[in-house]
Amino acid sequence: MIQNPVLRVVSKLIIPLILLFALYVQFHGDYGPGGGFQAGVLFASGFILYAMVFGTRAVHKVAPLWIWRPLVATGLFLFIGVGFVSLLFGKPYLDYDALAQEPLVGQHIGVFLVELGIGITVAAVMIVIFLAFAGRNQ
Amino acid sequence: MTELLNVVLLGFLALTALAAIRLRDLFAVVMMFSIFSLLSASLFVVMGAVDVAFTEAAVGAGVSTVLMLETLSLTVRRERPPAHRKLLPLLVVTVTGAALIYGTFDMPKFGDPNAPIHHHVVTRYIEASPQEIGIPNVVTEVLASYRGFDTLGELAVIFTAGVGVMALLGTRSRRRKENRR
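Draft legend 1. How the structure looks around the overall build of chain B. Across its full length, chain B carries eight helices and zero strands. Element order for chain B, N to C, with α for helix and β for strand: α-α-α-α-α-α-α-α. Taken over the C-alpha trace, chain B has a radius of gyration of 22 Å; the compact-globule value for 181 residues is 16 Å, which it surpasses by more than 25%. Dimensions of chain B, computed from the C-alpha atoms along their principal axes, are close to 60 × 50 × 30 Å. Per-residue burial for chain B yields a buried fraction of 27% across its 181 residues. Across chain B, every contact between residues at least 6 apart in sequence was considered, and the portion connecting residues at least 24 apart equals 48%.

Draft legend 2. Geometry of the pattern of salt bridges. Residue and element names in this part refer to chain B. Overall, the coordinates contain four salt bridges over all chains when judged by the stated rule. Across the pair E79 and R24 runs a salt bridge whose closest N-O atoms are separated by 3.2 Å. Of this pair, E79 sits in the loop between α3 (50-74) and α4 (87-104) while R24 sits in the loop between α1 (2-22) and α2 (26-47), placing them 55 residues apart in sequence. On the basis of relative accessible area, E79 is assigned to the partly exposed category, the value being 35%. Residue R77 is joined to D25 by a salt bridge in which the shortest nitrogen-to-oxygen separation is 3.1 Å. Placement of the pair is R77 in the loop between α3 and α4 and D25 in the loop between α1 and α2, with a sequence separation of 52 residues. A residue is classified by how much of its surface remains accessible, and R77, at 48% relative accessible area, is partly exposed. For D25, a relative accessible area of 19% translates into the label buried.

Draft legend 3. Quick peek at empty space enclosed by the protein. Residues and elements named next belong to chain A. For the structure on display, the rule yields one cavity of 30 Å³ or more. What the largest cavity holds in volume is close to 30 Å³. As for the largest cavity, its lining consists of Q26, F27, D30, V111, F112 and E115. Going through the elements one at a time, α1 (5-27) and α5 (103-137) are the ones with two or more residues in the lining of the largest cavity. Among the elements that take part in the lining of the largest cavity, α5 stands out by supplying three residues, more than any other.

Draft legend 4. The arrangement of a nonpolar patch on the surface in detail. All names here are of chain B. Taken together, the side chains of M1, L4, L5, V8, F12 and L15 make up a nonpolar region of the molecular surface, amounting to roughly 640 Å² of accessible area. Along the chain, the position of L5 falls in helix α1. Taking the relative accessible area as the measure of exposure, L5 reaches 38% and is therefore partly exposed.

Draft legend 5. How the structure looks around the packing of aromatic side chains. Evaluated as defined, the whole model comprises 10 aromatic pairs over all chains. Taking the centre distance of 5.6 Å and the plane angle of 50 degrees together, the rings of F43 of chain A and F47 of chain A count as tilted. Taken together, the positions of F43 of chain A and F47 of chain A, both in helix α2 (residues 36-54) and four residues apart, correspond to about one turn of that helix. Ring centres 4.5 Å apart and planes at 25 degrees place the aromatic pair Y125 of chain B and Y146 of chain B in the stacked group. Of this pair, Y125 of chain B sits in helix α5 (residues 122-132) while Y146 of chain B sits in helix α6 (residues 138-146), and the two are 21 residues apart along the sequence. Exposure remark for Y125 of chain B: the relative accessible area of 16% places this residue in the buried category. Chaining the aromatic ring pairs together yields one cluster made of F21 and Y24 of chain A together with F54 of chain B.

Calculation criteria
- Residues numbered from 1 in each chain as written.
- Chains lettered and ligands numbered in written order.
- Predicted model: local features only at pLDDT ≥ 70, side-chain atom pairs only at ≥ 80, totals over all residues.
- Heavy atoms only, no water.
- Helix = DSSP H or I, 4+ residues; strand = E, 2+ residues; numbered from the N terminus.
- Rg over C-alpha atoms; globule rule 2.2 N^0.38 Å.
- Buried < 20%, exposed > 50% of the residue type's maximum accessible area, 1.4 Å probe, protein only.
- Contact = heavy atoms within 4.5 Å.
- Salt bridge = Lys/Arg side-chain N within 4 Å of Asp/Glu carboxyl O.
- 1 Å grid on protein atoms, 1.4 Å probe; cavity = no way out; pocket = protein on both sides within 12 Å on 5 of 7 lines; lining within 4 Å.
- Points joined across faces, edges and corners; volume = space filled by probe spheres on them.
- Patch = residues over 30% accessible without salt bridge, like charges linked within 9 Å, V, L, I, M, F, W, Y side chains within 5 Å.
- Areas by Shrake-Rupley, 256 points an atom, 1.4 Å probe, with all protein chains shown as cover.
- Phe/Tyr/Trp six-rings, centres within 6.5 Å; stacked < 30°, edge-to-face > 60°.

Written out as structure tokens, the structure is:
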């Protein structure tokens, strides 16, 4: 935990902005640079900054490990599940054309869901790895 | 202007790499690695690869630095001076480096429109993707749709890394319960 008041105040101001920017990168990835990978890392870095300044116990209070551990698998299952939905509609695995009447709309839905799955898994894995390392110190 | 930027960035890149080799304080070395990643991210921006630059800045300069610092806090901060002689490693590195540079002579010039990379599937992606997928960012289209299997594999790798760390290092909540017992 860091006692420096400047760092504490500034990080408190910045963390919401980091999380918001991560969500922007996640959902705006279709139009600008970015996507699930970057958004997941950014989202995790918000929590990692919080843990570095206020201690891991503070993070455990906000978002305990039992939230993150299932999320590690949830994102990957979402990705795999989208592929199986295409199979159910008689299309090849991960062919997003099957997800809607219009192929283009289907592609949009598919890319959105897949990127969401990537973001969830990447963020959860980064936070879990960080907390596992930080937990060894105490 | 771009040439100047490239020279400055590559110069700093070489300097940080040399500093990382020379320094014995591992904390400073980790910082050098972080600066190295940030400089490469800037180079990617100059080359127009913003998506790659974004990833490099977030993962290379950000998260991996934090993880290396975490690892440092578990071990010692100073590197021991090497006991063996430096001549053989230097020779190996020089020969390997020379071979790699010799290999680049056959590569197409940077930005060459006739380079094979611009002619394989890239033209098809650029021409057909507005009708097939209709998302403005081609990188996202290729990553999530055309090469969905690749990305699924990458995500599985990250998932495996997370599960591996959880299995090896354990997590704090479990240890707390054990302490209570």
